[in-house]
Amino acid sequence: MLWIKTYITYKVSFDIDIENGMQEFILFINPLCFLMFIFGFGLFMKDKRRPTYIFAVSLIVSAILYGNVVYYREFTDFLTIPLLKQTSNMGDLGSSILTLMSPWDILFFVDLLILGLVMKFKPSFVVNKTYSKVNRRVYFLLVVAIGFFNLGLAETERPELLTRTFDREMLVKNIGTYNYHLYDAYLATKTSAQRALADGSELAEIENYSNANYKEPNKETFGIAKNKNVILVSLESLQNFVINNTLYGEEITPFLNKFIKESYYFDNFYHQVGQGKTSDSEFLLENSLYPIGRGSVFFTHSQNEYTTFAETLRAKGYSTAALHANNKSFWNRDVMYKALGYDRYYNIDDYDVNEQNSVGWGLKDKDFLKQSIAHLKELEAKGSPFYAKFITLTNHHPYTLGEEDATIGKFDSNSKTLNNYFQTVRYMDEAIEQFINDLKTEGLYDNSIIVMYGDHYGISENHNVAMAKYLNKDSITAFDSAQLQKVPLIIHVPGQKGQVISKVSGQIDLKPTLLDLLGIDSKGSIQLGSDIFSNDKLEFTVFRDGSFITKDYVYTSETLYDKATGEVIPDKSVAKPYIDKAQQELEYSDKIIYGDLLRFIESGQKK
Ligand code: GP9
Ligand code: MN
């Protein structure tokens, strides 16, 4: 029953891309080896113990599967061990998780009910028999054989499955959810050993790579924001498709649409986060390194040595602060922010938060930004330029908003998430407008650069049907999904003229881009992005799962598309250099993080 249930779950709850009959077959048999193995221990048990064991295992395995189902509904991804360790996130996640569960989910456990009834009314079905040693050996040999058979088929379909995989769907598809979890557990132990074994010898190669990819800054923009304050706003879940777009004829983000006309607006800019969502975007910004493939680097590697954007500014005399009205331990920020070089974290304890001014995840953006002005004044009073990073919150899944705050209608589709999204996006737009006006009144506008970007997608692939309806498309394909990962990037430098920059770029480019604007050359420091303004900028952006976008190509789920036409290019070899480069960069980045390699750089050498 569990085998069949797992397979049905694959088909119903997960969206696993199947290309041929062989892949379907692998998917079908992949739960078998693990389930036979784990239930096999029942063969050693007698009397009442066996049914108890079988029932307990069924319950635990079902719970794990169900956990994945719920997580997948929002994140289109599978659970990992580092994620489960993020217990300090759990409290706040409550409201989000509840919206992802449905009373119908009870059907998911129907097999347990059947099993219970069988045990009660037909106990002989599970107990009675004792098995001889030979029987048991044959049984376990069979398990091993099925395991190798499965792995063998998987390797032919997907070579290097276990050594070079950044894509969890690929693992689940080939070795099954349960073996995937075992593999994940193995990775968890392996990564903890990796730091201990690292000795810095890997660093030279990575430094060479980083230096070779360094791009000379653009003379026209280098230093145009020298010594200005940096006010950076991370726009929660804001995707680029809402910019300059309408809902039933009404502009969704009227303020931002105006603001981009007097700023640099990057309309081909992508988020690159993994499971760490907002925290991953912060990591990308600060380090110009990729977040890790499993869990959140904020949790797993907060003790590492980093060379960050904040630290670099601090070394130039800036005071540095992060402002976000959530519990300080969410995403382990209180610990990680120290490693990233923020002098001060203004968190929920620094704000007046009550029922009236809260919605969804907490303090409403308008109130958050309003109350933050006092903190900015505090930073300004220190007498040196400051770097202040704001993280908004209202436009967060499940996008709840009180009627009194809604100034645009809802969309009408089968996805409540997408329907609500437009309202919270509009709310955020208004909050930003109010904030910019406040900066002007406070005299902060003219001596600050203002940087704003979407931290990651807001509408997951789970809402593709509704999204297709909104975008007037028949469906959302993998090709479309990849390009929907665009988030807006807006940089406003005092006195500039507006300009749209359409180079393909991503969050990994933020650090070198901003440093160059501030007149701080990042040459020689280890970074995997480059200044977007540079005339030599390579238009190439890698996603955490190994997908990438260039000027001409979109590569996702191991399929290469012509970006202009959306057609599949069967001969992937034309993009081989990019495919290799994407893998290489992710590997280098992982090596740095897992080996804590930056600790081997002499502090004098640090930029
Ligand atoms: C929580 C906020 C949201 O503090 O940053 O995090 P997310 O769920 O988007 O990663
Ligand atoms: Mn976020």
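Residues numbered from 1 in each chain as written. Chains lettered and ligands numbered in written order. Predicted model: local features only at pLDDT ≥ 70, side-chain atom pairs only at ≥ 80, totals over all residues. Heavy atoms only, no water.

*Asks:* With reference to specific residues and values, describe the coordination of the manganese ion (ligand 2).
*Replies:* Protein-derived ligands of the manganese ion (ligand 2) are Glu236 (OE), Glu236 (OE), Thr278 (OG1), Asp455 (OD) and His456 (NE2), with the metal-ligand distances lying across 2.1 to 2.4 Å. If you look at the manganese ion (ligand 2), its six donor atoms make angles of 56 to 167° with each other, and the shape they trace is irregular. Here the donor residues of the manganese ion (ligand 2) share one chain and are spaced in sequence as E-x41-T-x176-D-H. Within this pair, whereas Glu236 is found in the loop between β1 (229-235) and β2 (246-247), its partner Asp455 is found in the loop between β11 (448-454) and α18 (464-470), the two being separated by 219 residues in sequence. (Donors = N, O, S within 2.8 Å, 3.2 Å for Na, K, Ca; no water. Tetrahedral: all angles 85-135°; square planar, octahedral: opposite > 155°, others 65-115°. Helix = DSSP H or I, 4+ residues; strand = E, 2+ residues; numbered from the N terminus.)

*Asks:* Which residues make up the packing of helix α1 (residues 2-12) against helix α4 (residues 49-75), and what values go with them?
*Replies:* Contact pair α1 / α4: the axes reach a minimum separation of 11 Å and the direction vectors enclose 0°. As judged from the angle between their axes, α1 and α4 are roughly parallel. Here Leu2, Lys5, Thr6 and Thr9 of α1 lie close against α4, whose contacting residues are Ser58, Val61, Ser62, Leu65 and Val69. Residue classes in the contact of α1 with α4 are distributed as four nonpolar, four polar and one charged. (Axes fitted to C-alpha atoms, helices over the stretch in contact; angles between N-to-C directions. Parallel < 35°, antiparallel > 145°, perpendicular 65-115°, else oblique. Contact = heavy atoms within 4.5 Å. Nonpolar A, V, L, I, M, F, W, Y, C, P; charged D, E, K, R; others polar.)

*Asks:* Let's hear about the side chain of Glu74: which residues, and what values?
*Replies:* Within the secondary structure layout, Glu74 lies in helix α4. Despite its burial, Glu74 pairs with no opposite charge; the closest candidate is Lys277, at 5.5 Å N-O. Here His397 takes part through its side chain, which lies 3.2 Å from a polar atom of the side chain of Glu74. Ignoring any residue separated from it by four or fewer positions in sequence, one finds Glu74 in contact with Leu100, His397, Tyr457, Gly458, Ser460, Asn462 and His463. (Buried < 20%, exposed > 50% of the residue type's maximum accessible area, 1.4 Å probe, protein only. Lys, Arg positive; Asp, Glu negative; His and termini not counted. Salt bridge = Lys/Arg side-chain N within 4 Å of Asp/Glu carboxyl O. Polar contact = N/O pair within 3.5 Å; in protein donor to acceptor, adjacent residues only side chain to side chain.)

*Asks:* Give me the sheet that holds strand β4 (residues 264-266): which residues, what numbers.
*Replies:* Read across the open sheet, the eight strands follow the order β7-β6-β10-β1-β11-β12-β4-β13; overall the sheet is mixed. This sheet does not close on itself; its edge strands, each paired only once, are β7 (344-346) and β13 (499-501). Within the sheet, the average angular offset between the axes of one strand and its neighbour, ignoring direction, is 15°. Sheet analysis places β1 next to β11, joined by seven bridges and oriented parallel. Following the sheet pairing, Leu232 is matched in β11 by Val451. Sheet contacts for helix α12 (residues 277-287): β1, β10 (386-391) and β11; angle to β10, the most-contacted strand, approximately 160°. In the packing of helix α20 (residues 510-517) onto the sheet, contacts are made with β1, β11 and β12 (489-492), and the angle to β12 comes to roughly 10°. (Pairing = 2+ DSSP bridges.)

*Asks:* Give me the pattern of salt bridges: which residues, what numbers.
*Replies:* Taken as a whole, this structure holds 26 salt bridges when the rule is applied. Here Lys370 ties to Asp438 by a salt bridge, and the two come within 3.0 Å at their closest N and O atoms. Here Lys370 is found in helix α16 (residues 365-381), whereas its partner Asp438 is found in helix α17 (residues 416-441), with 68 residues between them in sequence. Residue class for Lys370 comes out partly exposed when judged on its relative accessible area of 45%. Asp438 sits in the buried class, given a relative accessible area of 14%. Across the pair Glu380 and Lys377 runs a salt bridge whose closest N-O atoms are separated by 3.5 Å. Residue Glu380 and its partner Lys377 are located together in helix α16, separated by three residues, close to a single helical turn. Linked by salt bridges that have partners in common, Arg195, Asp596 and Arg599 make up one network.

*Asks:* Outline the pairing of strand β6 (residues 319-323), supporting the account with residue identities and numerical values.
*Replies:* The buried fraction of β6 is high, at five of five residues. Both faces of β6 are covered, namely the face carrying Ser319, Ala321 and Leu323 and the face carrying Thr320 and Ala322. Note: β6 against β10, five bridges, orientation parallel. If you follow Thr320 over to β10, its bridge partner there is Tyr387. Pairing analysis gives three bridges linking β6 to β7, with the strands arranged parallel. Bridging across to β7, Ala321 finds its partner in Arg344.

*Asks:* Could you give me a rundown of the packing of helix α3 (residues 32-40) against helix α8 (residues 133-157), with the residues and numbers involved?
*Replies:* Running from N to C, α3 and α8 cross one another at 160°; their axes reach a closest spacing of 8 Å. One finds that α3 runs roughly antiparallel with respect to α8. Crossing geometry of α3 relative to α8 is assigned as left-handed. Contacts between α3 and α8 pair Leu32, Cys33, Met36, Phe37, Phe39 and Gly40 from the former with Tyr139, Phe140, Leu142, Val143, Ile146 and Gly147 from the latter. Here the residues of the contact of α3 with α8 sort into ten nonpolar, two polar and no charged. (Left-handed = near helix turned anticlockwise from the far one by under 90°.)

*Asks:* Residues and numbers for α3, please.
*Replies:* By the burial criterion, the buried members of α3 are Leu32, Cys33, Phe34, Leu35, Met36 and Gly40. Residues of α3 that are buried make contact with α1, α2 (21-29), α4, α8 and α9 (168-197).

*Asks:* So, the site of ligand 1: which residues are in play, and what are the values?
*Replies:* Around ligand 1, the neighbouring residues are Glu236, Lys277, Thr278, His324, Asn326, Phe330, Trp331, Arg333, Trp361, Leu393, His396 and His456. Take Asn326: an N or O atom from its side chain is 2.7 Å from an oxygen atom of ligand 1. Interatomic distance of 2.7 Å between a side-chain N/O atom of His396 and an oxygen atom of ligand 1. Here ligand 1 loses 97% of its free accessible area of 310 Å² to cover by the protein chains. In the shell around ligand 1, the residues fall into four nonpolar, five polar and three charged. (Near = heavy atom within 4 Å. Areas by Shrake-Rupley, 256 points an atom, 1.4 Å probe, with all protein chains shown as cover.)

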